[in-house]
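Examining the three-dimensional arrangement
Below are the chains, spelled out letter by letter.
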Amino acid sequence: MQAKTTQNASLDQFFSSSAARLDRWRELNAVAQEWAADARSGNLARGRAQVEAALKEVRPLEDYFAYPGHQLLKVLDERISQDDAMGVGRLVRRVSGALLSGSYRYDTDEWDTADDSSATTPDRLSAALEGGESKRPYFETLFVTPAPIASLPHLAHEIRRLRRIEDEMVYEPVMVGSFEDAVLSIIFNGKIESVVIYDGVPIPSRHNVPLLRDYLTTYHKVDASSIAPREIGIALARLIKRIRPELDIYLLTDRQVEKVAGDPAASSIRRVFYQVEELMEVHLSVIEGVADRFSTPHFDNLKRYAAKPIGTFHALPIARGKSIIKSNWIRDMGEFYGLNLFLAESSATTGGLDSLLEPTGTIKVAQEKFARAVGADHVYFVTNGTSTSNKMVYQAVTKPGDIVIADRNCHKSHHYGMVLSGAQPVYVEAYPMTEYSMYGAVPLHNVKKALLDLKAGGKLDRLVMLTLTNCTFDGQVYNTRRVMEECLAIKPDLVFLWDEAWFGFARWSPFLRPRTAMGGAAALEEWRADPASLKAYEAQVAKLGEDLDPKDPRVLEQHLIPDPRKMRIRVYMTTSVHKSMSCLRQGSIVSVKDEDYSKHISGFHEAVFIHASTSPNAQIIASLDVARRQMELEGYELVMRATEIALSIRREIAAHPIISKYFSVLGNDIMVPAEYRKSGFKDFLTPGSNWLDAGKAVHNDEFFLDPTRLTLVCGTAGYDGTSFKGLLASKYDIQLNKTSRNSVLLQSNINNTRSDVAHLIQVLLEISQEVEARLAEGGDAGRQAFAKKVKSLMEDVPNLPNFSRFHDGYRESPKGGTVEGDMRGAFFAAYSEDDCEYVPLASPEIDERLKKGPEMVSANFVIPYPPGFPIMVPGQVITADTIEFMRKLDVKEIHGYEAARGLKLIKIKAIGKARKG
Ligand SMILES: Cc1ncc(COP(=O)(O)O)c(C=O)c1O
């Protein structure tokens, strides 16, 4: 995808590239400095042409940003036309530096049109802003107005004049004159927090934007040219909400405001104003809207609490920090963490502090705000990670004997969740990526097959929930809407638990949002509200009948449509906020969008009581609140940056002549096999690909790779994943995510910078050069040994074992019936040591029993790291491929397996005993 500065690139190619803008300014700065240097030696002509050409590249984008803005650009033009090379050099250096550091947000000097910073720019700041304004948060507000271009600077000036000393924050207006320019502004400019739309704006942009038009029609089904003039304002508001739902939108109209406000289509608009009314109202609303997102009720409360002189006669001696700061021996802890940490600690839930277990105050409001931010109806804060969030959902939604369809490869908290609740799993398999010793995602075909088998077996009423991991650990993202709609066609009230532990940030990417749990749920809601949905369903009934026949092969193969009158939208999403947002470790949320939530409210209360500590960590709760604030205000920009960083790592590794000999990052085309990519989109780096192609893939394909998850193949450099991870950590201080036999997983997030990319590339180059040097020194023998090692890592890979089956003793209908199993029964059977036996993995007894029996039944979960999924679960019959996999596995950490004693098995006679009992 496009990110580098390219000559003559059309404006709208830069969808995901705020870095590209800075690059263009840097380039302009470079030529401006050259011109200034030449000017000092008397050569003016050549440099000016270059500066003009570079400025032409910069210019169109600048319409969408407040800084440097009309005035400074005008001064720049004047200086160029006067051949004032030194003046141009000074101004461009200042602007490009201010853009890079962000100093224009608080330093009024950066807006000066004069180089002498003691001069002031009347246009930028009114007197109201002097004195402490630099501390106020800064943002930009987009004004979309049909006013003539020539009058826009004046209008902007009028808006600035509305500022008041009492304003909590300060904004700069960005003025555009059309529907298309408004869309481009909110795409390019992450500093925009609110949009004020004047009714009656025209549609087309002043610029040539073919990709944008294609994007609007194919991706958002908006043919801008056919929108009736009266509808433009509302249509624009609706579109902006789809791209950046966090923005506040205001409409100024001279129509009957009461009518517009009451129109359901206007629900994306925060307030409608009568156009001739006081602009001050608009100004105050803009500030109030952003202040609402800015406010963090629990964090703010905790700060107030910390500032109070409080005497504690309660538990938690570290609260107020006196036992630490005054200590002879542990004072360094206080110095290291700072006093505030202890001042903000409390065991109390009274005196203004809310209780996580039964929130009624600031925690409750913070949870409501988080729900709004992620598009859910309710959010529960969890202070013990998504491991606990998942268990809470099982606890609240399922009961003993219920059936859950689950990805066998899902996080262990799901398996344990079922042990706790007594729900019985029907495991579905992901597609294997054997050559990299990892799994992909679960094809919809497998999920539907499991549902249809349960239907055929008369057990659909016991099926309660489907759980899938989105995105998978390695980055495959589901088409959440498609999965849910097809499953609801078979079981209209199915509950979905989407484990989005890694994917929380996706909410703030317009690309990835539709593929989140809440994005899919919103799309289904929208579809259901459209009368065309019933027609589509009726057409299906005409072909397949009302009651789908599970044996009819068309039911499995065709894209099924649910009955819009019967389907229920019942979605739960769990998110490790700490994994992708600025939250302390273990901060997690359960998000709920369930039309039948009332059935589970008391279940959730119990789940909170069962799983939450009665002493939850106040700092984790506060950081959840703050993480939400950040994402609602700058998540869009940060996520774009994390994506750009991932793309640039991919690009640099693929293009580097030495690194690419030994390392590669797996692209979308490898992580997602062709059969799941009907759009034909291959990869982000495929020549000629642009963000629109990627957008189509996001829209249509069964799976899509989250670009921020990078599987770096290191087996080709002679390293297995574990040793490569160790090398990067010990020698280069680079920490990575998980490993596989021949790869490691890197991840870019909102914390990464371009310097991190540079560091990584430098390290990979150094390692590649070392490999080259070793090969050169080692001669033929060395090369052969290296090739052998690479072959072993890359080709001699064990087959990934599928889930075999539960032992008949743990199945309700073993003979040809459905495959769910009483995993909890097996789990607790293993508590009686007399009923268990151990067989060492290397023992010939295992091979003997595999051939002749008796069957071996696992007593517990066996989870090797990597790959991290249970290759055995309690009650599972152990088969030859599982044993082969374990024997070949060269990892040290296997949870549930004691090498000294061997595999823990449930004695067969004990299974019989348990059933009789
Ligand atoms: C898919 C998935 N779900 C849940 C979890 C557990 O999350 P947490 O570490 O927040 O407890 C993880 C952890 O890695 C995970 O990968």
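What counts, and at which threshold
Residues numbered from 1 in each chain as written. Predicted model: local features only at pLDDT ≥ 70, side-chain atom pairs only at ≥ 80, totals over all residues. Heavy atoms only, no water. Helix = DSSP H or I, 4+ residues; strand = E, 2+ residues; numbered from the N terminus. Rg over C-alpha atoms; globule rule 2.2 N^0.38 Å. Buried < 20%, exposed > 50% of the residue type's maximum accessible area, 1.4 Å probe, protein only. Contact = heavy atoms within 4.5 Å. Near = heavy atom within 4 Å. Polar contact = N/O pair within 3.5 Å; in protein donor to acceptor, adjacent residues only side chain to side chain. Areas by Shrake-Rupley, 256 points an atom, 1.4 Å probe, with all protein chains shown as cover. Phe/Tyr/Trp six-rings, centres within 6.5 Å; stacked < 30°, edge-to-face > 60°. Lys NZ or Arg CZ within 6 Å of the ring centre and 35° of its normal. Axes fitted to C-alpha atoms, helices over the stretch in contact; angles between N-to-C directions. Parallel < 35°, antiparallel > 145°, perpendicular 65-115°, else oblique. Left-handed = near helix turned anticlockwise from the far one by under 90°. Nonpolar A, V, L, I, M, F, W, Y, C, P; charged D, E, K, R; others polar. Salt bridge = Lys/Arg side-chain N within 4 Å of Asp/Glu carboxyl O. Arc of directions from axis to C-beta. Pairing = 2+ DSSP bridges.

1. Some words on the overall build of the chain
Of regular secondary structure, the chain possesses 34 helices and 23 strands. The C-alpha radius of gyration of the chain comes to 30 Å, within 12% of the 29 Å expected for a compact globule of 917 residues. Principal-axis analysis of the C-alpha atoms places the extent of the chain at approximately 95 × 75 × 75 Å. Relative to its 917 residues, the chain shows a buried fraction of 57%. Long-range pairs, those at least 24 residues apart, make up 73% of the contacts in the chain with a sequence separation of at least 6.

2. Considering the site of the ligand
Surveying the vicinity of the ligand reveals 13 residues, the closest of which are Ser 387, Asp 499, Trp 502, Ser 576 and His 578. Interatomic distance of 2.6 Å between a side-chain N/O atom of Asp 499 and a nitrogen atom of the ligand. A distance of 3.1 Å separates an oxygen atom of the ligand from a polar atom in the side chain of Lys 579. Compared with its free state, where it exposes 390 Å², the ligand has 86% of that area covered by protein. Counting residues per element, the ones that place at least two in the shell around the ligand are helix H16 (385-397) and helix H23 (577-580).

3. A short note on the packing of aromatic side chains
Within the structure shown, the criterion is met by 34 aromatic pairs. Here the aromatic rings of Tyr 719 and Phe 724 are separated by 5.4 Å at their centres, their planes lie at 50°, and the arrangement is tilted. The buried category is assigned to Tyr 719, whose relative accessible area is 14%. Here Phe 724 falls in the buried class, since its relative accessible area comes to 0%. On the basis of an interplanar angle of 65° and a centroid distance of 5.1 Å, the ring pair of Phe 828 and Tyr 831 is categorised as edge-to-face. One aromatic cluster in this structure is built from Tyr 416, Phe 827, Phe 828, Tyr 831 and Phe 861. Positioned over the ring face of Phe 294 is Arg 629, at 4.0 Å from the centre of the ring. Its end group placed over the ring of Phe 473, Lys 738 keeps NZ or CZ at 5.6 Å from the ring centre.

4. Describing the packing of helix H32 (residues 844-852) against helix H33 (residues 880-888)
Where H32 contacts H33, the two axes come as close as 10 Å, and the packing angle between them is 160°. Overall, the two elements H32 and H33 adopt an arrangement that is roughly antiparallel. In this structure, H32 meets H33 at a crossing whose hand is left-handed. Contact with H32, carried on its side by Ile 846, Asp 847 and Leu 850, involves Ala 880, Ile 883 and Arg 887 of H33 and no other residues of that element. Classifying every residue of the contact of H32 with H33 gives 4 nonpolar, no polar and 2 charged.

5. Quick notes on the pattern of salt bridges
In total, this model carries 63 salt bridges according to the counting rule given. Among the ionic pairs, Arg 570 bridges to Asp 596, the shortest N-O distance being 3.8 Å. With Arg 570 in strand S14 (residues 570-575) and Asp 596 in the loop between strand S15 (588-594) and helix H24 (601-611), the pair connects residues that are 26 residues apart, well separated along the chain. Residue classification places Arg 570 among the buried residues on the basis of a relative accessible area of 5%. Close ionic contact of Asp 796 with Lys 888 constitutes a salt bridge, the shortest N to O distance being 3.7 Å. Of this pair, Asp 796 sits in the loop between helix H30 (754-794) and helix H31 (823-829) while Lys 888 sits in helix H33; the two residues are 92 residues apart in sequence, bridging distant segments of the chain. What makes Asp 796 partly exposed here is its relative accessible area of 44%.

6. Observations concerning H24
Three or more residues of H24 are buried, namely Gly 603, Phe 604, Ala 607, Val 608 and His 611. Mapping the buried residues of H24 onto a view down its axis gives an arc of 140°, with all of them on the same face. Contacts from the buried residues of H24 go to strand S6 (378-382), H16, helix H17 (412-421), S14 and S15.

7. Remarks on helix H28 (residues 691-700)
Turning to H28, its buried residues are Trp 691, Leu 692, Ala 694, Gly 695, Ala 697 and Val 698. Buried residues belonging to H28 abut helix H7 (210-220) and strand S17 (703-705).

8. Focus: the sheet that holds strand S11 (residues 463-469)
With mixed pairing, the 7 strands of this open sheet are ordered in space as S6-S15-S14-S13-S11-S7-S8. One side of each edge strand has no neighbouring strand; the edge strands of this open sheet are S6 and strand S8 (424-428). Geometrically, the sheet is characterised by an average inter-axis angle of 20° between neighbouring strands, direction not taken into account. Bridge count for S6 against S15 is 5 bridges, and the pairing is antiparallel. The residue of S15 that forms the bridge with Val 379 is Ser 591.

9. Some details on the sheet that holds strand S16 (residues 664-665)
Strands pair in a sheet through their backbones, by hydrogen bonds, and they do so in one of two ways: parallel or antiparallel. Read across the sheet, 3 strands follow the order S16-S18-S19 without closing on themselves; strand pairing throughout is antiparallel. Whereas interior strands pair on both sides, the edge strands pair on one side only; in this sheet they are S16 and strand S19 (743-747). Relative to S19, strand S18 (residues 709-713) runs antiparallel, the two being bridged by 5 bridges. Counted as the bridge partner of Leu 712 is Val 744 from S19.

10. Some details on the pairing of strand S3 (residues 192-198)
Counting buried residues in S3 gives 7 out of 7 residues, a clear majority hidden from the surface. When strand S1 (residues 138-144) meets S3, the two strands line up parallel, connected through 5 bridges. Its bridge partner being in S3, Thr 141 is matched across the sheet by Ser 194. Strand direction decides the pairing type here: S3 and strand S4 (residues 248-253), joined by 5 bridges, are parallel. Bridge assignment links Ser 194 to a residue of S4, and that residue is Asp 248.

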